[in-house]
Amino acid sequence: MASSVSIFEFFEKFNKKYDFENEEDEMMKHELLNMNIYAFYNFLDFLKEVASTDYDPKEEDWYALRDNISILREKLLNLYWDEIVYSDVEDTLYNVHHNSDVRFTESWIGTFFDYMRDRTNILDMDYDEMRAYCKELKFDQAGHEMHSSQVIAWKKRHSK
């Protein structure tokens, strides 16, 4: 995610230097939205990998991921979030899910909209807290986290 932050900041500086800010504004908005959705899926995938495999990330990997995701999220919130329309988010969610190299992971922390509206406390966790959190996560064969509201609802309906 560090490369996404670097790319976006390069675009910002370039556009300002050459006075392209107004012409490139819509492209920048959509690019930053795309980067954030990609980061959202990668964030979930990282946690799932730590929780369900023998992947043992380095501390600096966690901090780099966490901090760069936070930077991208804050940039989107501060620059464009209030003007992004619902259909643009839905279209970008679909495109990132189906037309990128992201490894799709179902969200157990809420929707992308929830994530943008309410900063998840996972982004405030240090390395040891993240590891402890991941130890509590459990996934079924379909990759759904067992404590997610959807799995709980499914279990409730099928326990009757």
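A few words on the side chain of Lys29. Relative to the elements of secondary structure, Lys29 occurs in helix α2 (residues 21-52). Note on Lys29: relative accessible area 7%, which makes it buried. Excluding anything up to four places from it in sequence, Lys29 contacts Tyr80, Glu83 and Ile84.

Among the structural elements, Lys48 can be located in helix α2. Look at Lys48 and you get buried, because its relative accessible area is 18%. Lys48 sits 96 residues away from His144 along the chain, and the two C-alpha atoms are 9.7 Å apart. Discounting residues that sit within four places of it in the chain, Lys48 has contacts with Thr53, Thr105, Trp108, Phe139 and Gly143.

Attention now moves to the pattern of salt bridges. One pass over the full model with this rule turns up 9 salt bridges. Of the charged contacts in the structure, one is a salt bridge between Asp45 and Arg103, with a shortest N-O distance of 2.9 Å. With a gap of 58 residues between them, Asp45 in helix α2 and Arg103 in the loop between α4 (86-99) and α5 (112-117) connect regions that are remote in the sequence. Here Arg131 and Asp56 are joined by a salt bridge, their closest N and O atoms 3.1 Å apart. One end of the pair, Arg131, is in helix α6 (residues 127-136); the other, Asp56, is in the loop between α2 and α3 (59-79), and 75 residues separate them in sequence. The exposure class of Arg131 is partly exposed, given its relative accessible area of 22%. Judged by its relative accessible area of 52%, Asp56 is exposed.

For α6, the full list of buried residues reads Tyr127, Met130 and Cys134. Buried residues of α6, viewed axially, fall in a sector of 60°; they line one side. Of the exposed residues in α6, those oriented more than 90 degrees away from the buried face are Asp128, Lys135 and Glu136. Of the residues that open α6, the one with a side-chain oxygen 3.1 Å from the backbone nitrogen of Asp128 is Asp126.

A few words on the packing of aromatic side chains. Within the structure shown, the criterion is met by 12 aromatic pairs. The interplanar angle of 75° and the centroid separation of 5.5 Å between the aromatic rings of Phe40 and Phe112 together place this pair among those described as edge-to-face. Taken as a pair, Phe40 in helix α2 and Phe112 in helix α5 lie far apart in primary sequence, 72 residues in all. Of the residues examined, Phe112 reaches a relative accessible area of 2% and is grouped as buried. An angle of 90° between the planes, with centres 5.8 Å apart, marks the rings of Phe46 and Tyr55 as edge-to-face. By relative accessible area, Tyr55 is classed as partly exposed at 33%. By way of ring pairs, the aromatic residues Phe40, Tyr41, Trp81, Tyr86, Phe104, Phe112, Phe113 and Tyr115 are connected into one cluster. Directly above the aromatic system of Phe139 lies the positively charged group of Lys48, at a separation of 5.6 Å from the ring centroid.

Procedures and definitions
- Residues numbered from 1 in each chain as written.
- Predicted model: local features only at pLDDT ≥ 70, side-chain atom pairs only at ≥ 80, totals over all residues.
- Heavy atoms only, no water.
- Helix = DSSP H or I, 4+ residues; strand = E, 2+ residues; numbered from the N terminus.
- Buried < 20%, exposed > 50% of the residue type's maximum accessible area, 1.4 Å probe, protein only.
- Contact = heavy atoms within 4.5 Å.
- Salt bridge = Lys/Arg side-chain N within 4 Å of Asp/Glu carboxyl O.
- Arc of directions from axis to C-beta.
- Polar contact = N/O pair within 3.5 Å; in protein donor to acceptor, adjacent residues only side chain to side chain.
- Phe/Tyr/Trp six-rings, centres within 6.5 Å; stacked < 30°, edge-to-face > 60°.
- Lys NZ or Arg CZ within 6 Å of the ring centre and 35° of its normal.

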